[in-house]
Number of protein chains: 4
Amino acid sequence: MPLSPEQQAEIDAQRSTRQETRRVVSEGMEAHLYTAYPVLDHGFIRVIDYMGDDAAICQAARVSYGRGTKSVTNDEGLIRYLMRHWHSTPFEMCEIKLHVKLPVFVARQWIRHRTANVNEYSARYSILDREFYIPAPEHLAAQSVVNNQGRGEALTGDEAQRVLEYLKADSARAYDHYEEMIGQEGQQGLARELARMNLPANIYTQWYWKVDLHNLLHFLRLRADAHAQYEIRVYAEEMCKVVADWVPFAFRAFEDYRMGGATLSSTALDCVRRMLKGEEVTQENSGMSKGEWREFQGVLEG
Amino acid sequence: MPLSPEQQAEIDAQRSTRQETRRVVSEGMEAHLYTAYPVLDHGFIRVIDYMGDDAAICQAARVSYGRGTKSVTNDEGLIRYLMRHWHSTPFEMCEIKLHVKLPVFVARQWIRHRTANVNEYSARYSILDREFYIPAPEHLAAQSVVNNQGRGEALTGDEAQRVLEYLKADSARAYDHYEEMIGQEGQQGLARELARMNLPANIYTQWYWKVDLHNLLHFLRLRADAHAQYEIRVYAEEMCKVVADWVPFAFRAFEDYRMGGATLSSTALDCVRRMLKGEEVTQENSGMSKGEWREFQGVLEG
Amino acid sequence: MPLSPEQQAEIDAQRSTRQETRRVVSEGMEAHLYTAYPVLDHGFIRVIDYMGDDAAICQAARVSYGRGTKSVTNDEGLIRYLMRHWHSTPFEMCEIKLHVKLPVFVARQWIRHRTANVNEYSARYSILDREFYIPAPEHLAAQSVVNNQGRGEALTGDEAQRVLEYLKADSARAYDHYEEMIGQEGQQGLARELARMNLPANIYTQWYWKVDLHNLLHFLRLRADAHAQYEIRVYAEEMCKVVADWVPFAFRAFEDYRMGGATLSSTALDCVRRMLKGEEVTQENSGMSKGEWREFQGVLEG
Amino acid sequence: MPLSPEQQAEIDAQRSTRQETRRVVSEGMEAHLYTAYPVLDHGFIRVIDYMGDDAAICQAARVSYGRGTKSVTNDEGLIRYLMRHWHSTPFEMCEIKLHVKLPVFVARQWIRHRTANVNEYSARYSILDREFYIPAPEHLAAQSVVNNQGRGEALTGDEAQRVLEYLKADSARAYDHYEEMIGQEGQQGLARELARMNLPANIYTQWYWKVDLHNLLHFLRLRADAHAQYEIRVYAEEMCKVVADWVPFAFRAFEDYRMGGATLSSTALDCVRRMLKGEEVTQENSGMSKGEWREFQGVLEG
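Residues numbered from 1 in each chain as written. Chains lettered and ligands numbered in written order. Predicted model: local features only at pLDDT ≥ 70, side-chain atom pairs only at ≥ 80, totals over all residues. Heavy atoms only, no water.

**Quick look at the relation of the copies chain A and chain B**
So, step 1. The operation relating chain A to chain B is a screw motion whose rotation component is 180 degrees, with 0.0 Å of axial translation and a residual RMSD of 0.0 Å. Such a combination of rotation and displacement between the chain copies is what one expects of a two-fold axis. Every residue of chain A has its C-alpha some distance from the rotation axis, and the shortest such distance is that of E20 of chain A, at 2.2 Å.
So, step 2. Here 100% of the interface residues in chain A have copies in chain B that are interface residues too; the copies meet face to matching face. (Least-squares fit on C-alpha atoms with pLDDT ≥ 70 in both. Contact = heavy atoms within 4.5 Å.)

Given below as structure tokens:
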């Protein structure tokens, strides 16, 4: 369970307090505020704050385009137009702040998205908790044989057993030694900033992460994608549910134009045109490499 | 007057609507929401939305520093510590969205602050209003004789009169021709994206500008400074009043450590040390150039 | 002519100097260095410096110790793979620095691309030159009747004549008054930072602009596009020629996957699949709005 | 030793190749190119590429057509002026690309500097090497008793011995199990992206890191500072040597105004003024907290 009773009580207290504001309120988002949604074995995401809603996207767009947006009569139509034409700045006018608890190896991928504000728990100042990500057996995937960065089937039997034992035992031992090195009362102890180096990448850390909606959607497109590593994808999927309630028009447009869409190259578009004219197009006469052709077939099959 | 009666009515309607939220509320900021504060002859700033308050800065800092912040017992002390030690990320956890109306030549300076989100009124789509900045006579400053980018005394008499007449007449004529080129009903008219090129840099534009508190304070340090151009400084000063009510602890720390503070070079610190020991330090034996010494004297005199 | 004889002599001197370096050299780019390529009536672009080449993109993708070239075939294949899968960071490992002279209204669009470094000629410190963009008659486009931001046919006859006269006369008068306000020798004169506000948006400015290849390609995708305003598109097109010689593999991949490609929504992909199965798909049964359907038809027709 | 004979041979080959270029060349930097300077027990930094020199900073500040050098004296004076007045954009016109090998816990601090381009060795695709940072005995520092993030004296005797044994044994065992989990020929093996989670934070990773000079100096100010963690400070110090040879004027100005300088608050400046007038200023009558006063005394003592 990711939260202690004290933490849950703090969250309940936050959730029960309501105040008046003149600001735009997203009722869909208010329902999520502060609640910790579990992810993996000890992680969670929870929304700490937000700014704006679907109407705020349109309001900002109408500053830009002024009378030019009059023809688009409804907000959903305008949002779809903006998404389709890559007008990203109105989506930047919404902001979200999340509290996330996640394994360090996931944090290392996540932080590569630079356009965000982050405050991470510091292992220089503070002592990390004894919490490690141990995959559920069905996620103990083998290395893919067709893709350098992919996963194959789950390991089974003795091999799975052995892996789980290594992960558990090595984490536990590393943490025991971390604690010993830091020292107990009365002892001097190794500096925390050094002791932490003994801890493996499946230990949990946590941070506040603040990002605008445009950059969040970019993150979700990459990380909620089927090719993303499972352990970050489950965070992205949990965030998708929150965003769908926060800005429903923007999220629906995102699903249609980004998540479910595909970018076709000039060569691929040409193949589509030839196919629609009834021509037989094969990899050999397509102008694509084998890899491209395989991906193109994937798009056509849906 | 910067607002039409319709615009004022819209603002009044926004201000009179209050809803419940679970989010952090800054009462000081709620009082400012949506109100248009006049700047220059036709400009304004008004807060459209905000996220966070002083407590949110501390909350984020305490995620980072965890138990390490226990020793700093109060929020103001913690905020002063963060400001003094250039820990900027907790300040990034607050966000503000402003609607600003400003002359184009001011907008051109402003936009150089890149870490912000902007939606500007588009003169490709829409027709600009006939509103130009004409300086008040006391701000018709002469070119400084000591500083390439500074201002001297205000012009007076005939010279002032002539300047004002040029600015007014040229703006009016440029706008007349802009309108004529765009064409009236029934005419074809030049494309707006071309016609706008006839308009001078004192025409007003407007935008939504969203920025985090850290970057806003950086903007204010540069633009509320005595060396900033008067026409952008008045915007910065108006924003300072709002920020002081939004995050009073952070703003007070900012005034002490940034606005009222000064960075001394290694050489300057050495001079201070020598002076405190009773040594007579002059420009000649200071190791500073004349310009540096003059600035150093300015700091010592306060 | 955009350059004075002194400026041309400085450029010639730079071009004639060659020095030895251990760095990666792009021969295609060396040929362009410093040359000012004219754009519009008084503008230009010229490359001041660059870092990296196609091989450097591959080297970074492989985080390798050596030059990173396995073979030319491999390099082009790798670059195409990176482009297709939106792996943008290796493209960020190349950098270009340009000197650009451009009208202010173009500069105002350009600067919205925030991930770049800019040093603009300062009209606070310095006096701007008497150079204004006056469109060639064939580019005096009328406002589009179907598209709020588009252009229609060129104006002709009296209307074209009148527009040209306004642009020329207003520019000339504004500059005369600018000069008069600044003052001549012996006079005090209005501060430059104020006098500049009288100048219209078709006056030329100039800047140094430095950007990484990933962000440059993003800029070119938007600004070399047929929907971009003509006056910025001609700059983008001129830059495309330079980039094609600098990083030929990356540029070819960019043309195929970005410039000539198209992003289809989930709904559009579904329509393609139905069409390939022989179904008659119309706007009515497509699930698309009229605007989307028109754009989709445009993609299918190529 | 950080490099294999093959890697060293690749580097030697790169260093021995010289080509002609029209670009600005920094002779001081050419001497460093590609050489791997050792840091910690297995790490290094090496310059892969660079753009610009001191003259390029001045050229950008002047937005000039030629090389921008009026005279060496002028250039150094201009650079000092730019640094003193926080004119950061001309420094952004220089760029450096480094190849760095560093422990993961150092990489996690480093990556927080967001304005940079990074390509890291991917443990999803590739297998990490068996290389771990084990501190030299004199760097096995105890936790500071006065400062939550600081270090005290080095541990000695049995405690030091025990710590070293833990770090070595846990690293070795974690890597053995990592290898076993990945599997040998013929076995399926756990996906690399999962197996890596067993590896501790003292394992080495490597990346290409590209940054402009302004942001590099900001990094160096924070990370070459006495309060930075030793393990990142040694990287910063090694980079300082390279930068001093690359852009000697800029680096000297940086040392004077940034590294050796100090920012005094409004309150602190007031105390200096009172002291210079002969007043006895103590913590009690200074208006500063005890912590601030202690830091202020530190500045005055130098």
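**So, the packing of aromatic side chains**
So, step 1. Within the structure shown, the criterion is met by 40 aromatic pairs over all chains.
So, step 2. Taking 6.0 Å as the distance between ring centres and 75 degrees as the angle between the ring planes, the aromatic pair formed by W110 of chain D and W207 of chain D counts as edge-to-face. Residue W110 of chain D is found in helix α5 (residues 104-110), and its partner W207 of chain D is found in strand β8 (residues 204-212); the two are separated by 97 residues along the sequence. One exposure class covers both W110 of chain D and W207 of chain D, and it is buried.
So, step 3. Residue placement shows R23 of chain A over the ring face of Y50 of chain B; its charged tip is 4.0 Å from the ring centre.
So, step 4. Above the face of the Y204 of chain B ring, K101 of chain B is positioned so that its terminal group lies 5.9 Å from the ring centre. (Phe/Tyr/Trp six-rings, centres within 6.5 Å; stacked < 30°, edge-to-face > 60°. Helix = DSSP H or I, 4+ residues; strand = E, 2+ residues; numbered from the N terminus. Buried < 20%, exposed > 50% of the residue type's maximum accessible area, 1.4 Å probe, protein only. Lys NZ or Arg CZ within 6 Å of the ring centre and 35° of its normal.)

**Describing the interface of chain D and chain C**
Often, the extent of an interface is quoted as the loss of accessible area upon association of its parts.
So, step 1. Taken together, the contact between chain D and chain C spans 57 residues of the former and 57 residues of the latter.
So, step 2. Taking both partners together, chain D and chain C bury about 5600 Å²; carbon and sulfur atoms supply 46% of that area.
So, step 3. Inspection of the chain D/chain C interface yields 6 salt bridges.
So, step 4. Salt-bridge contacts for R23 of chain C lead to E30 of chain D; the nearest nitrogen and oxygen are separated by 3.7 Å.
So, step 5. On the surface where chain D and chain C come into contact, there are 26 residue pairs in polar contact (both at pLDDT 80 or more).
So, step 6. Looking at the side of chain D that touches chain C, the elements with two or more residues in it are α1 (5-16), β1 (19-21), α2 (27-30), β3 (43-51), α3 (54-62), β4 (95-103), β5 (117-120) and β8 of chain D.
So, step 7. Of the residues forming the side of chain D that touches chain C, the biggest block, 6 residues, is contributed by β3 of chain D.
So, step 8. Here the residues of the side of chain D that touches chain C sort into 24 nonpolar, 15 polar and 18 charged.
So, step 9. Bridge count between strand β1 (residues 19-21) of chain C and β1 of chain D: 3 bridges; the pairing is antiparallel. Bridging from a neighbouring strand, T21 of chain C pairs with Q19 of chain D of β1 of chain D. (Buried area = accessible area lost by both parts, 1.4 Å probe. Salt bridge = Lys/Arg side-chain N within 4 Å of Asp/Glu carboxyl O. Polar contact = N/O pair within 3.5 Å; in protein donor to acceptor, adjacent residues only side chain to side chain. Nonpolar A, V, L, I, M, F, W, Y, C, P; charged D, E, K, R; others polar. Pairing = 2+ DSSP bridges.)

**Quick notes on the interface of chain A and chain B**
So, step 1. Across the boundary between the two partners, chain A contributes 54 residues, which contact 54 residues of chain B.
So, step 2. Together, the buried faces of chain A and chain B total about 5200 Å²; carbon and sulfur atoms form 45% of this surface.
So, step 3. Among the residues of chain A in contact with chain B, R22, R23 and M51 of chain A are the three that bury the most area, contributing 19% of the side total.
So, step 4. Applying the counting criterion to the chain A and chain B interface returns 6 salt bridges.
So, step 5. When the shortest N-O distance is used, the salt bridge between E95 of chain A and K210 of chain B registers 2.5 Å.
So, step 6. Across the chain A-chain B interface, the total number found is 26 residue pairs in polar contact (both at pLDDT 80 or more).
So, step 7. Looking at the side of chain A that touches chain B, the elements that each hand over two or more residues are α1 (5-16), β1 (19-21), α2 (27-30), β3 (43-51), α3 (54-65), β4 (95-103), β5 (117-120) and β8 (204-212) of chain A.
So, step 8. Residue composition of the side of chain A that touches chain B, grouped by class: 22 nonpolar, 16 polar and 16 charged.

**Some remarks on the relation of the copies chain D and chain C**
So, step 1. Once turned by 180 degrees and shifted 0.0 Å along the axis, chain D lies on chain C with an RMSD of 0.0 Å.
So, step 2. Counting the interface residues of chain D, we find that 100% of their copies in chain C are interface residues as well, pointing to one common contact surface.

**Remarks on helix α4 (residues 75-84) of chain A**
Since the α-helix turns once every 3.6 residues, residues separated by three or four places project in the same direction.
Residues and elements named next belong to chain A.
So, step 1. Among all positions in α4, only L78, I79, R80, L82, M83 and R84 are buried.
So, step 2. Near the N-terminus of α4, the side chain that reaches the backbone nitrogen of E76, with its oxygen 3.1 Å away, is that of N74.
So, step 3. W86 sits one or two residues past α4 and shows a positive phi near 55 degrees.

**Looking at helix α13 (residues 290-301) of chain D**
So, step 1. Here α13 of chain D spans 16 Å end to end across 12 residues, near enough to the 16 Å set by a 1.5 Å rise per residue.
So, step 2. Within α13 of chain D the residues assigned to the buried category are G291, E292, W293, F296 and L300 of chain D.
So, step 3. Elements in contact with the buried residues of α13 of chain D: α4 (75-84), α10 (248-259) and α11 (266-276) of chain B together with β9 (262-264), α11 (266-276) and α12 (283-286) of chain D.
So, step 4. Where α13 of chain D ends, the next residue or the one after it, G302 of chain D, has phi of about 80 degrees, a positive value. (Expected span 1.5 Å × (residues − 1).)

**Quick look at the sheet that holds strand β4 (residues 95-103) of chain B**
All names here are of chain B.
So, step 1. The strand order across the open sheet formed by 5 strands is β2-β3-β4-β8-β5, and the pairing between neighbours is antiparallel. This sheet does not close on itself; its edge strands, each paired only once, are β2 (37-39) and β5 (117-120). With direction set aside, neighbouring strand axes in the sheet form an average angle of 25 degrees.
So, step 2. Sitting on the sheet, helix α9 (residues 230-246) is in contact with β2, β3 (43-51), β4 and β8 (204-212), with an inclination near 30 degrees to β3. (Axes fitted to C-alpha atoms, helices over the stretch in contact; angles between N-to-C directions.)

**Structural notes on the domain arrangement of chain A**
So, step 1. In terms of domain boundaries, chain A breaks down into domain 1 (1-133 + 203-261), domain 2 (134-201) and domain 3 (263-302).
So, step 2. Centre-to-centre, using C-alpha coordinates, domain 1 of chain A lies 36 Å away from domain 3 of chain A. (Domains from an automatic or database assignment.)

**Digging into the UniProt feature "binding site: FAD" (unreviewed entry) in chain A**
So, step 1. UniProt marks T89, R112, H113, R114, E120, D212, L213, H214 and H218 of chain A with the feature "binding site: FAD" (unreviewed entry), using the numbering shown here. A maximum C-alpha distance of 27.4 Å among these annotated residues, which run over 130 residues, shows that they spread across the structure rather than meeting at one spot.
So, step 2. Its place among the elements puts T89 of chain A in the loop between α4 and β4.
So, step 3. Given the relative accessible area of 16%, T89 of chain A is considered buried.
So, step 4. The contact partners of T89 of chain A, leaving out residues within four places of it in the chain, are V118 and N119 of chain B together with R112 of chain C.
So, step 5. For R114 of chain A, the location among the structural elements is in the loop between α5 (104-110) and β5. (UniProt positions renumbered as here; feature names shortened; annotations may be inferred.)

**A closer look at the nonpolar core**
Side chains of a nonpolar character, in soluble globular proteins, are inclined to be buried together.
So, step 1. Grouped together as the largest cluster of nonpolar side chains are 182 residues, with contacts concentrated most on W110, W209 and L213 of chain A together with W110 and W209 of chain D.
So, step 2. Core analysis: the second largest hydrophobic core is formed by 180 residues, C58 and M239 of chain B, L216 of chain C together with A60 of chain D among them. (Core = buried A, V, L, I, M, F, W, Y, C linked by side-chain atoms within 4.5 Å.)

**Topic: the packing of helix α8 (residues 213-223) of chain B against α10 of chain B**
All names here are of chain B.
So, step 1. Closest axis-to-axis distance for the α8/α10 pair is 11 Å, and the angle between their directions is 45 degrees. Here α8 lies oblique to α10, going by the angle between them. Once α8 is placed against α10, the crossing between them reads as right-handed. Here L213, L217, L220 and R221 of α8 lie close against α10, whose contacting residues are A250, F254, R258 and M259.
So, step 2. Class assignment of the residues belonging to the contact of α8 with α10 gives a composition of 6 nonpolar, no polar and 2 charged. (Parallel < 35°, antiparallel > 145°, perpendicular 65-115°, else oblique. Left-handed = near helix turned anticlockwise from the far one by under 90°.)

**Focus on the sheet that holds strand β5 (residues 117-120) of chain C**
All names here are of chain C.
So, step 1. Strand order in the open sheet formed by 5 strands is β2-β3-β4-β8-β5, and the pairing between neighbours is antiparallel. Lying at the two open borders of the sheet, with one neighbouring strand each, are β2 (37-39) and β5. Strand after strand, the sheet turns through a mean of 25 degrees between neighbouring axes, direction not considered.
So, step 2. In this sheet, strand β3 (residues 43-51) lies alongside β2 in antiparallel orientation, the contact comprising 3 bridges. Across the sheet, the residue bridging to P38 is F44, located in β3.
So, step 3. The strands touched by helix α9 (residues 230-246) are β2, β3, β4 (95-103) and β8 (204-212); relative to β3, the strand with the most contacts, the crossing angle is about 30 degrees.

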